[in-house]
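# Architecture at a glance
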Amino acid sequence: RSINWKVFGIYLAAGILLTINWGVYVYGVTSDRIIETSLGYFINPLVSVVLGLVVLRERLRKFQWAAVILAAAGVLYLTITLGAVPWISLILAVTFAVYGLIKKLAPLGAIEGLTMETAVVLLPAAAYLIFLLSRGQSAMQFGDAKLNFFLLAAGVVTATPLLLFAAGAKQIPLTLVGILQYIAPTTQFIIGIFIFKEPFNEHKLVGFILIWLALIIFTLDGFSVYRQRRVNAAA
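In this report, we go over the structure that sits alongside the text. What you see is a predicted model, and the numbers here were worked out from it, not measured in a lab.

## Notes on unusual backbone geometry
Generally, phi is negative for residues other than glycine and the peptide bonds are trans, each holding for most cases. Non-glycine residue Asp32 carries a positive phi angle of around 60°. Mapped onto the elements, Asp32 comes out in the loop between α1 (5–30) and α2 (34–54). Phi is positive for Lys197, close to 55°, though the residue is something other than glycine. Its location among the elements puts Lys197 in the loop between α10 (183–195) and α11 (202–234).

## Some details on the packing of aromatic side chains
As enumerated under the stated definition, the model contains 13 aromatic pairs in all. Plain terms: the ring middles of Phe189 and Trp212 are 5.2 Å apart, the flat faces sit at 85° to each other, and that makes the pair edge-to-face. Remark: Trp212 occurs in helix α11 and Phe189 occurs in helix α10; sequence separation between them is 23 residues. Exposure remark for Phe189: the relative accessible area of 11% places this residue in the buried category.

## Considering the side chain of Gln64
Examined against the element boundaries, Gln64 turns out to sit in helix α3 (residues 62–82). What makes Gln64 buried here is its relative accessible area of 3%. A polar contact of 2.8 Å, which involves the side chain of Gln64, links it to the backbone nitrogen of Arg61.

## What about the pattern of salt bridges?
Under the defined criterion, the tally for this structure stands at 3 salt bridges. In this structure, Arg33 and Glu36 form a salt bridge, with 3.2 Å as the shortest nitrogen-oxygen distance. Its relative accessible area of 24% is what places Arg33 among the partly exposed residues. Judged by relative accessible area, which is 17%, Glu36 ranks as buried. Across the salt bridge formed by Glu117 and Lys103, the nearest N and O atoms sit 2.9 Å from each other. Of this pair, Glu117 sits in helix α5 (residues 110–119) while Lys103 is found in helix α4 (residues 87–105), placing the two residues 14 residues apart along the sequence. Each member of the pair, Glu117 together with Lys103, is buried.

## As for the packing of α2 against α10
Packing of α2 against α10 brings their axes to within 8 Å, and their N-to-C directions diverge by 165°. The pairing of α2 with α10 is recorded here as roughly antiparallel in orientation. Between α2 and α10 the crossing geometry is left-handed. When α2 is examined against α10, the residues Ile34, Ile35, Thr37, Ser38, Tyr41 and Phe42 are found in contact with a partner set consisting of Pro185, Thr186, Gln188, Phe189, Ile191, Gly192 and Ile193.

## Quick look at a nonpolar patch on the surface
Among the surface-exposed residues, Leu205, Ile209, Leu213, Ile216 and Leu220 lie close enough to one another that they form a single nonpolar patch of about 430 Å² accessible area. As for its placement among the helices and strands, Ile209 is situated in helix α11.

## A closer look at α5
Along α5, the residues that are buried comprise Ala110, Gly113, Leu114 and Glu117. On an axial view of α5, the arc spanned by its buried residues comes to 95°, and they lie on one face.

## A few points about the environment of Ala106
Mapped onto the elements, Ala106 comes out in the loop between α4 and α5. Looking at Ala106, the relative accessible area reads 4%, which means it is buried. When the C-alpha positions of Ala106 and Tyr11 are compared, they lie 7.8 Å apart, and in sequence the two are 95 residues distant.

Calculation notes
Residues numbered from 1 in each chain as written. Predicted model: local features only at pLDDT ≥ 70, side-chain atom pairs only at ≥ 80, totals over all residues. Heavy atoms only, no water. Helix = DSSP H or I, 4+ residues; strand = E, 2+ residues; numbered from the N terminus. Phe/Tyr/Trp six-rings, centres within 6.5 Å; stacked < 30°, edge-to-face > 60°. Buried < 20%, exposed > 50% of the residue type's maximum accessible area, 1.4 Å probe, protein only. Polar contact = N/O pair within 3.5 Å; in protein donor to acceptor, adjacent residues only side chain to side chain. Salt bridge = Lys/Arg side-chain N within 4 Å of Asp/Glu carboxyl O. Axes fitted to C-alpha atoms, helices over the stretch in contact; angles between N-to-C directions. Parallel < 35°, antiparallel > 145°, perpendicular 65-115°, else oblique. Left-handed = near helix turned anticlockwise from the far one by under 90°. Contact = heavy atoms within 4.5 Å. Patch = residues over 30% accessible without salt bridge, like charges linked within 9 Å, V, L, I, M, F, W, Y side chains within 5 Å. Areas by Shrake-Rupley, 256 points an atom, 1.4 Å probe, with all protein chains shown as cover. Arc of directions from axis to C-beta.

Below, the structure is given as structure tokens:
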């Protein structure tokens, strides 16, 4: 059968976005910037909201607009006070939000889609691993059995939530997809501060508070609308 190039292009884009997202996340974690990675995934739901507005023509309510504006103010404040654009956070937020949009519009099922988007980046990834092996720079080449086990297990731990995400993204509005993505960055934030003891000064606190307020407003608005719809349906 001939190749459906449109479907191939969709999953190629998804695979590239996922590769960028994973790569930047791994870099952030291994360079002691876990808090910055958590910021990216705090911003991500609100980027999903904007994409829902622009691409899918989903309408935003006034409180959703307030949440988006507050989050943008938080990012701007962090950029100004820290003297640098939080590029790790922004790349993580944008790439995963666009990935979520693609998964919502993608034609294949969750398992088929994840398999295809992984397959399209398999050859470049394999080539890179071979390159590292040839230069003696592969972690698995010189790691002990425990390290190699954890490296392999990381693939399973990463793929499982992605599979569930792909299945769920097709069945609910993109704005609701955003609401459900708060647990992961909260966990990352707690780990960064209390386990790895990363620095967290007053400037970061103010920026995070603005973004947390945005998420609280957005979440409360979503629950309010959901309850009202339940009441209307019952009536």
